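Fold and geometry: a report
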Amino acid sequence: PWRMMNEWGIPTIWQEVLLYKYLMKIAASGAYIPPVAVAGGFTLEDHVFKGLALGAPFVKLIAMARAPLTAAMVAKNVGQMVARGNLVPFYRSYGNTVDKVFLNAAELKNRYGPRFKDFPIGALGVYNYFERLKQGLCQLLCGARKFSIDLMSRKDLAALTTEAAKATGITYISNVDAEEADKILDSITARRETYVWNRRCLV
């Protein structure tokens, strides 16, 4: 449904910009704002990071539909190929059994024992997909020095275009940390002036 995805409604980033504006207005009135979820084509961990940061401190959840459904369908197809013994080369490079193709299969097998064989392959694909998202999001959070989603803020983002900066209120990439840089440079200049003055006094 590409026409629906590309041409109907408001693009995700604009939805979140409007949502943030409305929530800020409600918060300013003193009203309680419950944890908010946003959706709109999120598929990868960097999408999740940006969605949470752009809506911080209100957005606490990213809702997904198409991406996990795709993971389930692809996994089901892979399971059928394994059963028929005709895995395509891409998957065969990992192995020719479910345990080898799906990274987290061994973990689930150890955890659930005999019950593992009753799990639908599609469910295994969804579990692997969300584990991938979890690991990727943890790495991004670690890189941003934010060890909890509650600590995320809009300052964890930078706008790559002036249009994005204007639309979102996020700092343009070349201006990120500009104030901090100026403070450092000012302190260096001040220390140098003090050093030069003291040197002249000593002479």
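The present account deals with the structure reproduced in this document. (Residues numbered from 1 in each chain as written. Predicted model: local features only at pLDDT ≥ 70, side-chain atom pairs only at ≥ 80, totals over all residues. Heavy atoms only, no water.)

Next up on the list: the overall build of the protein. A tally of regular secondary structure across the protein gives 10 helices and two strands. For the protein, the α and β elements follow one another from N to C terminus as α-α-β-α-β-α-α-α-α-α-α-α. Taking 17 Å as the expected radius of gyration for a compact globule of 203 residues, we find that the protein reaches 25 Å, considerably beyond that expectation. Across its three principal directions, the C-alpha atoms of the protein cover 90 × 50 × 35 Å. By the burial criterion, 27% of the 203 residues in the protein qualify as buried. When contacts within the protein are restricted to residue pairs at least 6 apart in sequence, those whose partners lie at least 24 apart make up 52%. Accessible surface, the protein: about 14400 Å² in total, of which carbon and sulfur atoms supply 61%. (Helix = DSSP H or I, 4+ residues; strand = E, 2+ residues; numbered from the N terminus. Rg over C-alpha atoms; globule rule 2.2 N^0.38 Å. Buried < 20%, exposed > 50% of the residue type's maximum accessible area, 1.4 Å probe, protein only. Contact = heavy atoms within 4.5 Å. Areas by Shrake-Rupley, 256 points an atom, 1.4 Å probe, with all protein chains shown as cover.)

This brings us to the pairing of strand S2 (residues 59–62). On any regular strand, side chains alternate: one points to one face of the sheet, the next to the other face. Inspection of the sheet shows strand S1 (residues 36–38) paired to S2 by three bridges, in the parallel sense. Residue pairing in the sheet places Val36 in a bridge with Val59 of S2. At this point the chain moves from S1, through helix H3 (residues 45–54), to the parallel S2, and the crossover so formed is right-handed. (Pairing = 2+ DSSP bridges. Right-handed = clockwise from strand over helix to strand, strands pointing away.)

In terms of nonpolar packing, the biggest core is built from 21 residues, with Leu52 and Ile62 touching the most fellow members. When contributions to this core are tallied by element, the ones reaching two or more residues are helix H2 (12–28), S1, H3, S2 and helix H8 (121–143). Ranked by the residues each element gives to this core, the list is headed by H3, at five residues. Not counting chain neighbours up to four residues away, the residues in contact with Leu52 comprise Val59, Lys60, Leu61, Ile62, Leu137, Ile149 and Met152. If you look at the next biggest cluster of nonpolar residues, it comprises 12 residues, including Ala75, Val98, Leu108 and Phe116. (Core = buried A, V, L, I, M, F, W, Y, C linked by side-chain atoms within 4.5 Å.)

Once that is clear, we can look at the packing of H3 against H8. Following both chains from N to C, one finds H3 and H8 inclined at 55 degrees, their axes separated by 8 Å at the closest point. Relative to H8, the element H3 is oriented oblique. Classified by chirality, the crossing of H8 by H3 is right-handed. For the pair formed by H3 and H8, the contact residues are Glu45, Asp46, Val48, Phe49 and Leu52 on the first element and Arg132, Leu133, Gly136, Leu137, Leu140 and Leu141 on the second. When grouped by side-chain class, the residues that make up the contact of H3 with H8 number seven nonpolar, one polar and three charged. (Axes fitted to C-alpha atoms, helices over the stretch in contact; angles between N-to-C directions. Parallel < 35°, antiparallel > 145°, perpendicular 65-115°, else oblique. Left-handed = near helix turned anticlockwise from the far one by under 90°. Nonpolar A, V, L, I, M, F, W, Y, C, P; charged D, E, K, R; others polar.)

Mapped onto the elements, Lys117 comes out in the loop between helix H7 (105–112) and H8. Along the sequence, Lys117 and Asp150 sit 33 residues apart, while their C-alpha atoms lie 38 Å from each other.

Turning our attention to a negative patch on the surface. A cluster of acidic side chains, namely Asp177, Glu179, Glu180, Asp182 and Asp186, defines a negative patch on the protein surface. Locating Glu180 in the fold gives a position in helix H10 (residues 178–202). (Patch = residues over 30% accessible without salt bridge, like charges linked within 9 Å, V, L, I, M, F, W, Y side chains within 5 Å. Salt bridge = Lys/Arg side-chain N within 4 Å of Asp/Glu carboxyl O. Lys, Arg positive; Asp, Glu negative; His and termini not counted. Charge placed at Lys NZ, Arg CZ, Asp CG, Glu CD.)

It is worth spelling out the environment of Arg154 at this point. Relative to the assigned elements, Arg154 resides in the loop between H8 and helix H9 (162–168). Judged by relative accessible area, Arg154 falls into the buried class, the value being 17%. With 102 residues separating them in the primary sequence, Arg154 and Leu52 have C-alpha atoms 8.7 Å apart. Not counting residues within four places of it along the chain, the set of residues in contact with Arg154 comprises Tyr20, Ala53, Leu54, Ala56, Thr168, Gly169 and Ile170. Among the polar contacts listed, one links the side chain of Arg154 to the backbone oxygen of Thr168, at a separation of 2.3 Å. (Polar contact = N/O pair within 3.5 Å; in protein donor to acceptor, adjacent residues only side chain to side chain.)

Applying the stated rule across the entire model yields zero disulfides. Not part of a disulfide, Cys138 finds its nearest cysteine sulfur in Cys142, a span of 8.8 Å. Residue classification places Cys142 among the partly exposed positions, given a relative accessible area of 37%. (Disulfide = S-S within 2.5 Å.)

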